[in-house]
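Close look at the chain arrangement
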Amino acid sequence: MTIAIEVDNARLVYAAAGSPYPQAPTLVLVHGFPLSRAMWQAQLEGLSPRCRVVAPDLRGYGESSFGDWPAAGETPSLDRYADDLEALIASLQADGPVVLVGFSMGGYIALNMARRCPDAFDALVLMDTRAAADDDTARATRLKMADHIHEWGAARVAELMRPKLFAMDTPERIVQETVAVISATDPAAIAASQLAMAARPDSTGLLGSIAKPTLVVVGEHDAISPSAEMRGIAAAIPGARFVEVPGVGHMAPVEAPEAVNAALAEFAESL
Ligand code: MLT
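Every value quoted in this text rests on a predicted model; they were computed, and no experiment measured them. (Residues numbered from 1 in each chain as written. Predicted model: local features only at pLDDT ≥ 70, side-chain atom pairs only at ≥ 80, totals over all residues. Heavy atoms only, no water.)

Let us look at the site of the ligand. By nearness alone, every residue bordering the ligand is listed as Gly 32, Phe 33, Ser 104, Met 105, Tyr 108, Arg 142, Met 161, Met 197, Ile 224 and His 250. Within the side chain of Ser 104, a nitrogen or oxygen atom sits 2.7 Å from an oxygen atom of the ligand. Interatomic distance of 2.9 Å between a side-chain N/O atom of His 250 and an oxygen atom of the ligand. Protein chains bury 93% of the 270 Å² of accessible surface belonging to the ligand in isolation. When grouped by side-chain class, the residues that make up the shell around the ligand number six nonpolar, three polar and one charged. (Near = heavy atom within 4 Å. Polar contact = N/O pair within 3.5 Å; in protein donor to acceptor, adjacent residues only side chain to side chain. Areas by Shrake-Rupley, 256 points an atom, 1.4 Å probe, with all protein chains shown as cover. Nonpolar A, V, L, I, M, F, W, Y, C, P; charged D, E, K, R; others polar.)

Below you can see the structure in the form of structure tokens.
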């Protein structure tokens, strides 16, 4: 089922599937850059017998509109996506625990929410993401892409990112599905997210104060958010669990959906 809500002048669209039991956990799956809710198809299908599963398109992505964001002269911030998700979660009126699952850029947004609106969710999953801010080189690369994306087009971004997203032996069919999603992304969403990610603060110091049950998941060969770094994130969050998914890269939820679904279901049902 697809649902649309209005938040601060934007139409936000999300896919919803799952358990009719009011006390079942609600998983809110936040996609990465520059993707869409399409990356969570296997989670929507595989987890919905056990949980309520909600997968939004972030503002400007997929079927969600921009509204009037960003305003002329405004530097985009991850706060915008976080505020949207806070409103979306409130609209769900969940009786059971809300599990915020942030993949990569979605993880940066989840950490933003852990800082600014921790009461919006009951448990946290950080998946293939980072707590550190960008170094100068990474920030410069983002600003260059934001500057040039309208001449480059999203397909060039897909080709630039592709070598970093997957393990060496991930089937080409899976790679091509993700390449197609990136290539269809609105260049304005790419520019806004790159500027927002470049401006995000370092969240390393926040980790020790996260007081929610937390699961950290990473693909063994993740080239963007390395496994060793994510193990460090788990070690810094009190009581956090750590799962490394063998044989896959950054796109663990699409490369190894069964292993990722098993980790998410076990965590959600433990709450
Ligand atoms: C993502 O998958 O969301 C991006 O690779 C994150 C990033 O660009 O840092």
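Glancing now at unusual backbone geometry. With omega at -15°, the peptide bond leading from Phe 33 into Pro 34 counts as cis. As for its position among the elements, Pro 34 is in the loop between β3 (26–30) and α1 (41–47). Positive phi is not limited to glycine here, since Asn 9 has a value of about 70°. Take Asn 9: it is sitting in the loop between β1 (2–7) and β2 (10–18). (Helix = DSSP H or I, 4+ residues; strand = E, 2+ residues; numbered from the N terminus.)

This next bit is on the nonpolar core. The biggest cluster of nonpolar side chains holds 97 residues, and the ones touching the most others in it are Leu 100, Val 101, Ile 109, Met 113, Val 125 and Met 127. Residues contacting Val 125, with those up to four places away along its chain left out, are Val 99, Leu 100, Val 101, Gly 102, Leu 215, Val 217, Leu 264 and Phe 267. (Core = buried A, V, L, I, M, F, W, Y, C linked by side-chain atoms within 4.5 Å. Buried < 20%, exposed > 50% of the residue type's maximum accessible area, 1.4 Å probe, protein only. Contact = heavy atoms within 4.5 Å.)

Now for the packing of aromatic side chains. Enumeration over the complete set of coordinates arrives at two aromatic pairs. Each ring, one from Trp 40 and one from Phe 103, has its centre 6.2 Å from the other, and the planes form 90°; the classification is edge-to-face. Placement of Trp 40 in the loop between β3 and α1 and of Phe 103 in strand β5 (residues 98–103) is noted, with a sequence separation of 63 residues between them. For the pair Trp 69 and Tyr 81, a centre-to-centre distance of 5.3 Å together with 70° between the ring planes defines the contact as edge-to-face. Remark: Tyr 81 occurs in helix α2 (residues 78–92) and Trp 69 occurs in the loop between β4 (52–56) and α2; sequence separation between them is 12 residues. For Tyr 81, a relative accessible area of 0% puts it in the buried group. Just above the ring of Trp 152 sits the side chain of Arg 156; from NZ or CZ to the centre is 4.3 Å. Cation over ring: Lys 212 sits above Phe 121, and NZ or CZ is 5.5 Å from the ring centre. (Phe/Tyr/Trp six-rings, centres within 6.5 Å; stacked < 30°, edge-to-face > 60°. Lys NZ or Arg CZ within 6 Å of the ring centre and 35° of its normal.)

All right, on to helix α10 (residues 257–269) then. Between the first and last C-alpha of α10 there are 18 Å, a value that for 13 residues agrees with the 18 Å anticipated at 1.5 Å per step. Among the residues making up α10, those that are buried are Val 260, Asn 261, Ala 263, Leu 264, Ala 265, Phe 267 and Ala 268. (Expected span 1.5 Å × (residues − 1).)

Attention shifts here to the pairing of β4. Extensive coverage of β4 is indicated by the burial of four of its five residues. With five bridges connecting them, β2 and β4 associate as antiparallel partners. Bridge pairing links Ala 17 to Val 53 in β4. Alignment of β3 against β4, held across three bridges, turns out to be parallel. Within β4, the residue paired with Thr 26 across the bridge is Arg 52. (Pairing = 2+ DSSP bridges.)

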